[in-house]
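# An overview of the molecular structure
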Amino acid sequence: MRSAKVLLCVLCFTALMGCKDTKVEGAEVISPKEAHTLLKTNNILLIDVRTPEEFDSGHIENAKNFDFKSNAFNEAIQTLEKEQPIIVYCRSGKRSTKSIKNFREAGFTKLYMLKGGLLKWEDTGYKTTSK
């Protein structure tokens, strides 16, 4: 009986964590559909924080590449207008989540993060482009 209760607790915890929406302090997490709409209707800068090699293999059209793993990342984002809204993405969402802190510390206030990154973008049926 005790092992059944433990198993039930583990299953409930796993279900709750799986249903929890991603939260990123300092950015609004948006779906690919929301990002696609924003990119068509607003003057939003799209930043891909993957490596140049990843970017060249496929990226969202009109994205700019700022490699989060580069030592020059913080210096590079300082060249952007801090008031302009920005959508940040990577492959799956991990690097973009980490990079939001850098954008916030640099003074950016209108930040969006693409939930699930490029993988989710493509899974939703949106196209990418490559060099």
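These figures come from a predicted structure and were not determined experimentally.

Rules of the game
- Residues numbered from 1 in each chain as written.
- Predicted model: local features only at pLDDT ≥ 70, side-chain atom pairs only at ≥ 80, totals over all residues.
- Heavy atoms only, no water.
- Pairing = 2+ DSSP bridges.
- Helix = DSSP H or I, 4+ residues; strand = E, 2+ residues; numbered from the N terminus.
- Contact = heavy atoms within 4.5 Å.
- Axes fitted to C-alpha atoms, helices over the stretch in contact; angles between N-to-C directions.
- Patch = residues over 30% accessible without salt bridge, like charges linked within 9 Å, V, L, I, M, F, W, Y side chains within 5 Å.
- Areas by Shrake-Rupley, 256 points an atom, 1.4 Å probe, with all protein chains shown as cover.
- Salt bridge = Lys/Arg side-chain N within 4 Å of Asp/Glu carboxyl O.
- Lys, Arg positive; Asp, Glu negative; His and termini not counted.
- Charge placed at Lys NZ, Arg CZ, Asp CG, Glu CD.
- Buried < 20%, exposed > 50% of the residue type's maximum accessible area, 1.4 Å probe, protein only.
- pLDDT = per-residue confidence, 0-100.
- Core = buried A, V, L, I, M, F, W, Y, C linked by side-chain atoms within 4.5 Å.

### Some remarks on the sheet that holds strand β2 (residues 45–48)
- Read across the open sheet, the five strands follow the order β1-β5-β4-β2-β3; overall the sheet is parallel. Two strands lie at the open edges of the sheet, namely β1 (28–30) and β3 (64–65), each paired on one side alone.
- Here four bridges tie β2 to strand β4 (residues 86–89), and the two strands are oriented parallel to one another. Bridged to Ile47 within β4 is Val88.
- Together, β1, β2, β4 and β5 (111–114) form the strand contacts of helix α2 (residues 32–41), whose direction differs from that of β1 by roughly 100 degrees.
- Contacting β2, β4 and β5, helix α5 (residues 94–105) runs over the sheet at an angle of about 145 degrees to β4.

### A few points about a positive patch on the surface
- On the surface, a cluster of positive charge is contributed by Lys69, Arg91, Lys94 and Lys98.
- With respect to the element layout, Lys94 can be found in helix α5.
- Under the relative-accessibility criterion, Lys94 is labelled exposed at 64%.

### Some details on the confidence of the model for the protein chain
- Looking at the protein chain, pLDDT values average 87 and 83% of them are 70 or higher.
- Taken as a whole, residues 4–21 scores under 50 in pLDDT and shows one contact with residues more than four places along the chain or in a different chain.

### Details of the environment of Phe55
- Structurally, Phe55 can be placed in helix α3 (residues 52–57).
- Taking the C-alpha atoms as reference points, Phe55 and Phe66, eleven residues apart in sequence, are found 9.5 Å from one another.

### Comments concerning the nonpolar core
- One finds Ile47, Ile77, Leu80, Ile86, Phe103, Phe108 and Leu111 to be the most contacted residues of the largest nonpolar core, which totals 19 residues.
- Those elements that provide at least two residues to this core are β2, α4 (73–77), β4, α5 and β5.
- What Leu111 contacts, discounting residues up to four positions off in sequence, is Gly26, Ala27, Glu28, Ile86, Ile100, Phe103 and Arg104.
- Of all hydrophobic cores here, the second largest spans 14 residues; its members include Ile60, Ile87, Leu114 and Leu118.

### Details of the environment of Ser96
- Among the structural elements, Ser96 can be located in helix α5.
- Between the alpha carbons of Ser96 and Tyr112 there is a distance of 9.8 Å; along the sequence they are 16 residues apart.
- Apart from residues lying up to four places away in sequence, Ser96 is in contact with Val49, Val88, Tyr89, Cys90 and Met113.

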